[in-house]
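Inside the fold
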Amino acid sequence: MKAEMSGLLQIAKEKKGLLTAASLLSTVSSLLQIAPFVAVYKIVEELLLHAQSPAGIDRELITYWGVAALVALVAALLTLYVGLMCSHVAAFQILYQLRVRLAEHVAKVPMGYHTKTATGELKKVIEVSVEKIEKFIAHQLPDMVTAILIPLLMIGYLFWLNGLLALVLLVPVVFGLWVQARIFTSELGRNAFRDYQFAVEEMNATGVEYVRGMPAVKIFGIKADEFLTFQRAVSSYRDIALRITALCKKPYSLFYVLVSSLFTFIVPIGILLASGQPGNQAFAITFTLFLIITPSLSVPLLRLIYVGGGLREIIEGNKRIAAVFAEPIVAEPTAPRVPVAYDVAFDRVSFAYENKESKDYKPILQNVDFFAKAGEMTALVGPSGGGKSTIANLLLRFWDVQEGTISIGGVPIQEMGTEKLMDTVSFVFQDVHLFYDTIEANIRMGNTSASREAVIAAAKTACCHEFIEKLPLGYETKIGEGGTYLSGGEAQRLAIARALLKNAPILVLDEATAYADAENEKKIQQGLIELVKGKTVIMIAHRLSTIRAAEQILVVNKGEIVERGTHDELRQRNGLYEKMWQAHVSAATWKLGANHTDAHKPEMRGEAPANASLLY
Ligand SMILES: Nc1ncnc2c1ncn2[C@@H]1O[C@H](COP(=O)(O)OP(=O)(O)OP(=O)(O)O)[C@@H](O)[C@H]1O
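Residues numbered from 1 in each chain as written. Predicted model: local features only at pLDDT ≥ 70, side-chain atom pairs only at ≥ 80, totals over all residues. Heavy atoms only, no water.

Inspection of the region around the ligand gives 13 residues, with Ser384, Gly385, Lys388, Ser389 and Thr390 positioned closest. One of the side-chain N or O atoms of Tyr353 is found 3.5 Å from a nitrogen atom in the ligand. At 3.4 Å from an oxygen atom of the ligand is found a side-chain nitrogen or oxygen belonging to Lys362. Across the complex, the protein chains shield 62% of the 630 Å² of accessible surface that the ligand would expose by itself. Of all elements in the fold, only β2 (361-372) and α11 (388-395) reach the threshold of two or more residues within the shell around the ligand. Per element, the largest residue contribution to the shell around the ligand is three residues, and it comes from α11. (Near = heavy atom within 4 Å. Polar contact = N/O pair within 3.5 Å; in protein donor to acceptor, adjacent residues only side chain to side chain. Areas by Shrake-Rupley, 256 points an atom, 1.4 Å probe, with all protein chains shown as cover. Helix = DSSP H or I, 4+ residues; strand = E, 2+ residues; numbered from the N terminus.)

This is the structure in structure tokens:
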């Protein structure tokens, strides 16, 4: 528990000043909330002391205590208000910093962390657990201070007035709290509350998935109750909610009954004590005050349980946040080296993906060895699943290799520092991710300090300026807002504009034109011609026609480079590449009902189709 709390306190330390102010103000407010009871006591005392001769009542004293009670009440509300303001400001600032730091941290952990499961967990941490911290700091922390302090102060004051009567109140309160605390601290209770939190988060996450997957739901006619994951999450939430209810109902009912009926303990005992001393006026006054204060004790005590539940949730959430921060980041060199040349060398690289759950390793690459000369194009081709994308991803240190070295200009990438590496290498993926932001911001991601003119120039070269200008707000149009979405080809061109703006000396292309239609492909190719000029290009090609002119073609099969050379050299070898080329050519010329034995077609004479290579 102590260790769990320390992470939470660590977060709270960030805004020590504001949180101290919030707690102090809550304390002052609690003290001021007791003041009206003292005032009532003083007034009742004065009235009872002069019950036989009302003329002797000190009206000024009564007015004084009346005004004092009013002032205390107003001051209590004011301090509570200012305290809540402080706690809210602190909470939102902590929330902001926490999210930024979480985002910064996860950007630094190796890509191996970002499996589907981890991404889902991370989403839950950022969306749910962090949000709970806000609720805790803004509301529950001040509530907790008042819920603890007010009963303590009240009971302390009652003890000062009459120890015996106060003890009569204290016994059921302590017993009720003990019964409740046992639930929160027992192994059974802890597990149940942890499972409850998981169930709530799971239900939220699968609910969002369900809504997001609405196209598939509609196409395949899946109904809500058939959407198994969501249904399972809802049932599991129901089960755990019922389990918690069963676990808590008896202790909570007992606590509730005890705390709400303190009156029933104090009245008989008070009457019993009063009947033994009929002339004791002082006792009568004290007893009256007990009768006034006792019902007011129940409210903060009942709130304490609600705060206790919140605390349990925040501890659980904090554990998850701590687990994300505990994830090791990519190791950075102490003295980063800067390459002066931009050739890329893979030196006997072997690599296996780690399965995070089973901790097993799945070998993918064996002894991959190649040298990509600066300013030239090296193409990676080969059957699906051979390891081409893995090779490209390793160049960005998305994963670290288990054996061998990857270097740029003779400098191993581990010695370069991530920032420099990212500045040196640009990527254009097949699946472009566009952010929910303006077109301009999406292009500018390539170089955040680029001028507007530079953004437009890059967009023009990548053949996107024309379609951007047609959008309702041009470069200011937000993607995804007001029904503005881009086609796959347009998104590709935007990604090329990004890469153009970044202007990194090494470029990795995961064949950008794979899904484009003829019109789009032509435009994308035009953008690419500008993009690759003078760069070290590593291109993953699915359509061989696009890399015919590459200076070096590497054929990757089952994690190994099985052939290497130029297009002509590889064709002459008559190996895997030649087979792939033949398959490519017949696929490119295949038409429904066509006579595929047509010997007059250029492809059949071993030439590429007319539109094959637009790049070179
Ligand atoms: N993150 C990952 N974790 C575990 N295994 C992976 C991961 N990414 C890829 N693999 C596996 O590594 C192997 C090589 O995949 P890779 O994507 O590098 O091949 P590829 O040659 O680029 O395939 P394609 O041409 O279909 O894109 C595949 O068996 C794939 O399942």
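There's plenty left to go through after this.
Further remarks concern the packing of helix α5 (residues 163-185) against helix α8 (residues 228-260). At a minimum axis separation of 9 Å, α5 and α8 run at an interaxial angle of 165°. Considered as vectors, α5 and α8 are oriented roughly antiparallel to each other. Where α5 crosses over α8, the two elements pack in a sense that is left-handed. Where α5 abuts α8, its residues Pro172, Phe175, Gly176, Leu177, Val179, Gln180 and Ile183 lie against Leu247, Cys248, Pro251, Tyr252, Leu254, Phe255 and Leu258. Class assignment of the residues belonging to the contact of α5 with α8 gives a composition of 12 nonpolar, two polar and no charged. (Axes fitted to C-alpha atoms, helices over the stretch in contact; angles between N-to-C directions. Parallel < 35°, antiparallel > 145°, perpendicular 65-115°, else oblique. Left-handed = near helix turned anticlockwise from the far one by under 90°. Contact = heavy atoms within 4.5 Å. Nonpolar A, V, L, I, M, F, W, Y, C, P; charged D, E, K, R; others polar.)

A few words now on the sheet that holds strand β9 (residues 552-557). Taking strand neighbours across the sheet as the criterion, the six strands line up as β6-β7-β8-β3-β9-β10 in an open arrangement whose pairing is mixed. Sheet topology places β6 (425-428) and β10 (560-565) at the edges, where each strand pairs with a single neighbour. Neighbour-to-neighbour, the strand axes of this sheet turn through a mean angle of 20°, independent of strand direction. Pairing geometry for β6 and strand β7 (residues 506-510), over four bridges, is parallel. Across the sheet, Val425 pairs through a bridge with Ile506, a residue of β7. Lying over the sheet, helix α16 (residues 488-502) contacts β6 and β7, oriented at roughly 175° with respect to β6. (Pairing = 2+ DSSP bridges.)

It is worth spelling out the packing of aromatic side chains at this point. Under the definition given, this model contains 11 aromatic pairs. Of the aromatic side chains, those joined through ring pairs into one cluster are Phe351, Tyr353 and Trp399. The ring of Trp178 is capped by Arg182, whose NZ or CZ atom sits 5.2 Å from the centre of that ring. When the ring centre of Phe198 is taken as reference, the NZ or CZ atom of Arg320 above it lies at 4.0 Å. (Phe/Tyr/Trp six-rings, centres within 6.5 Å; stacked < 30°, edge-to-face > 60°. Lys NZ or Arg CZ within 6 Å of the ring centre and 35° of its normal.)

Glancing now at the UniProt feature "transmembrane region" (unreviewed entry) in the protein. According to UniProt, the positions carrying the feature "transmembrane region" (unreviewed entry) are residues 21-44, 64-92, 166-184, 253-276 and 282-302. End C-alpha to end C-alpha, residues 282-302 measures 31 Å, and it is 100% helix and 0% strand. (UniProt positions renumbered as here; feature names shortened; annotations may be inferred.)

Before going further, it helps to spend a moment on unusual backbone geometry. In this structure, Asn503 is a non-glycine residue whose phi angle is positive, near 50°. Following the sequence through the fold, Asn503 ends up in the loop between α16 and β7.

Taken in spatial order, the four strands line up as β2-β1-β4-β5 in an open sheet, and their pairing is antiparallel. Where the open sheet ends on each side, the last strands, each with one partner, are β2 and β5 (411-412). Of the pairings in the sheet, the one linking strand β4 (residues 403-408) to β5 comprises two bridges and is antiparallel in character. The residue bridging Ser407 from the neighbouring strand is Pro412, located in β5. The strands touched by α11 within the sheet are β1 (344-354), β2 and β4, with β1 carrying the most contacts at an inclination of about 110°.

On the surface, Leu70, Val74 and Leu78 cluster together to form a nonpolar patch covering roughly 290 Å² of accessible area. You can call Val74 partly exposed: its relative accessible area is 47%. (Patch = residues over 30% accessible without salt bridge, like charges linked within 9 Å, V, L, I, M, F, W, Y side chains within 5 Å. Salt bridge = Lys/Arg side-chain N within 4 Å of Asp/Glu carboxyl O. Buried < 20%, exposed > 50% of the residue type's maximum accessible area, 1.4 Å probe, protein only.)

Quick look at the layout of surface pockets now. Estimates place the volume of the largest pocket at around 1500 Å³. Forming the boundary of the largest pocket are 34 residues, of which Leu396, Phe398, Met422, Met445 and Lys502 lie nearest the centre. Built from parts of two domains, the lining of the largest pocket gets at least three residues from each of domain 1 (2-326) and domain 2 (363-605). (1 Å grid on protein atoms, 1.4 Å probe; cavity = no way out; pocket = protein on both sides within 12 Å on 5 of 7 lines; lining within 4 Å. Points joined across faces, edges and corners; volume = space filled by probe spheres on them. Domains from an automatic or database assignment.)

Another aspect to go through is the environment of Ala458. By the secondary structure assignment, Ala458 is in helix α14 (residues 452-461). Sequence-wise, Ala458 and Lys502 are 44 residues apart; in three dimensions their C-alpha atoms are separated by 9.6 Å. Beyond its immediate sequence surroundings of up to four residues, Ala458 is in contact with Ala497, Leu500 and Leu501.

Here the focus is the packing of α5 against helix α10 (residues 281-326). As a packed pair, α5 and α10 sit with axes 10 Å apart at the nearest point and diverge in direction by 10°. Overall, the two elements α5 and α10 adopt an arrangement that is roughly parallel. Across from Leu165, Ala166, Leu169, Val173, Leu177, Gln180 and Phe184 in α5, the residues of α10 making contact are Phe283, Phe287, Phe290, Thr294, Leu297, Leu301, Leu304, Ile305, Gly308, Gly309 and Arg312. Of the residues assigned to the contact of α5 with α10, the class counts are 13 nonpolar, four polar and one charged.

With that settled, consider the nonpolar core. Within the largest apolar cluster, 45 residues are counted, with the highest numbers of intra-cluster contacts made by Ile443, Leu494 and Ile547. When near neighbours in sequence (up to four residues on either side) are disregarded, Ile443 contacts Val455, Ala459, Ile468, Tyr475, Leu494, Ala497, Arg498 and Leu501. Residues Phe351, Ala392, Val411 and Val425 belong to the second largest nonpolar core, which totals 33 residues. (Core = buried A, V, L, I, M, F, W, Y, C linked by side-chain atoms within 4.5 Å.)

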